[in-house]
Amino acid sequence: MPYTADKPGSTPDPEALRARIPGWGADLDPSDRPAFPREQPGIETGAHWELPAQQSGASGRERSIEHERITPVFGTAQPLHGISGRIRRFAYDRFSEGQTAHWLLLVAGDRVDAVTAHVTSLFSKRPDDPITESGVAGEIAHRPIASRVGRGRIDLKHAWMDPILVIGPWVVASVLAIKLVRAVFLPASKRGK
């Protein structure tokens, strides 16, 4: 059972483990373990529970399929929402944490959330400012070329992509917003000109 001190099943004896796993038990000698002086088994922690009480609101929270239930304590600050929430929910409901698809879907959900936030900001009273918020202005003020060339930096190989990745989404969102405004507010006869 997850999240308890009880270990499921019986542990094989050390000889069986040594025969099955090359190098098993190499760190059993306390003198070979760097953390040994800090290891204090049997220390009294003062905890009044063996398993913490389950936090309320667990139903509907995302949970890995390899776990029987959700952890006793979990965060509630950012509940899943919108399309990105559906993508993330699908990742948790369908794929194990050991599968690449799980993590790729979570990254995709994050990107969808970021794009949604940027597009939403375009229609707000205070839209995002890509120049000051991306650090481009600070970049210009602090020797952008001299700080990169001849200093052994390994990120020079992809530095040409940085302006595309930072400014590109803003350009695409702006073009889409202009097309949307033109489609909604301009008569069909003037759109083709």
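Shown above is the structure to which this text applies.
Summarised in this report is the structure supplied together with it. These numbers come from a predicted model, not from an experiment.

About the thresholds
- Residues numbered from 1 in each chain as written.
- Predicted model: local features only at pLDDT ≥ 70, side-chain atom pairs only at ≥ 80, totals over all residues.
- Heavy atoms only, no water.
- Helix = DSSP H or I, 4+ residues; strand = E, 2+ residues; numbered from the N terminus.
- Buried < 20%, exposed > 50% of the residue type's maximum accessible area, 1.4 Å probe, protein only.
- Areas by Shrake-Rupley, 256 points an atom, 1.4 Å probe, with all protein chains shown as cover.
- Axes fitted to C-alpha atoms, helices over the stretch in contact; angles between N-to-C directions.
- Parallel < 35°, antiparallel > 145°, perpendicular 65-115°, else oblique.
- Contact = heavy atoms within 4.5 Å.
- Nonpolar A, V, L, I, M, F, W, Y, C, P; charged D, E, K, R; others polar.
- Phe/Tyr/Trp six-rings, centres within 6.5 Å; stacked < 30°, edge-to-face > 60°.
- Polar contact = N/O pair within 3.5 Å; in protein donor to acceptor, adjacent residues only side chain to side chain.
- Salt bridge = Lys/Arg side-chain N within 4 Å of Asp/Glu carboxyl O.

**Section: the overall build of the protein chain**
Here's step 1: When helices and strands are counted, the protein chain shows 7 helices and 0 strands.
Here's step 2: For the protein chain, the sequential pattern of α-helices and β-strands runs α-α-α-α-α-α-α.
Here's step 3: The proportion of buried residues among the 193 residues of the protein chain is 12%.
Here's step 4: Carbon and sulfur atoms form 62% of the exposed surface of the protein chain, whose accessible area is close to 15,300 Å².

**Quick word on the packing of helix α2 (residues 82–94) against helix α3 (residues 100–122)**
Here's step 1: At a minimum axis distance of 8 Å, the contact between α2 and α3 shows a crossing angle of 170°. The angle between α2 and α3 places the two elements in the roughly antiparallel class. Contacts between α2 and α3 pair Ile 83, Ser 84, Ile 87, Arg 88, Phe 90, Ala 91 and Tyr 92 from the former with His 102, Leu 105, Leu 106, Gly 109, Asp 110, Val 112 and Asp 113 from the latter.
Here's step 2: Partitioned by chemical class, the residues of the contact of α2 with α3 number 8 nonpolar, 3 polar and 3 charged.

**What about the packing of aromatic side chains?**
In this description, a pair of aromatic rings is defined by centroid distance and the angle of the planes.
Here's step 1: A full pass over the atoms with the stated rule returns 1 aromatic pair.
Here's step 2: Ring centres 5.9 Å apart and planes at 85° place the aromatic pair Phe 90 and Phe 95 in the edge-to-face group.
Here's step 3: Under the relative-accessibility criterion, Phe 90 is labelled partly exposed at 40%.
Here's step 4: In this structure Phe 95 comes out as buried when scored by relative accessible area, which is 18%.

**Describing the environment of Glu 62**
Here's step 1: Turning to its location among the elements, Glu 62 is positioned in the loop between α1 (14–20) and α2.
Here's step 2: Each C-alpha atom, one on Glu 62 and one on Phe 90, is 9.5 Å from the other, the two residues being 28 residues apart in sequence.
Here's step 3: Not counting residues up to four positions away in its chain, the partners in contact with Glu 62 are Ile 70, Leu 80, Arg 89 and Tyr 92.
Here's step 4: Side-chain polar atoms of Glu 62 contact the side chain of Arg 61, separated by 3.2 Å.

**What to know about the pattern of salt bridges**
Here's step 1: Inspection of every chain in the model, using the stated rule, returns 5 salt bridges.
Here's step 2: Between Arg 18 and Glu 15 there is a salt bridge, with its nearest N and O atoms 3.1 Å apart. On the criterion of helical spacing, the pair formed by Arg 18 and Glu 15 is a turn pair, its members being 3 residues apart in helix α1.
Here's step 3: For Glu 15, a relative accessible area of 54% translates into the label exposed.
Here's step 4: Taking the shortest distance from any N to any O, the salt bridge between Asp 113 and Arg 88 comes out at 4.0 Å. Remark: Arg 88 occurs in helix α2 and Asp 113 occurs in helix α3; sequence separation between them is 25 residues.
Here's step 5: Note on Asp 113: relative accessible area 23%, which makes it partly exposed.
Here's step 6: Connected through salt bridges with shared partners, the residues Arg 88, Asp 110, Arg 111 and Asp 113 form a single ionic network.

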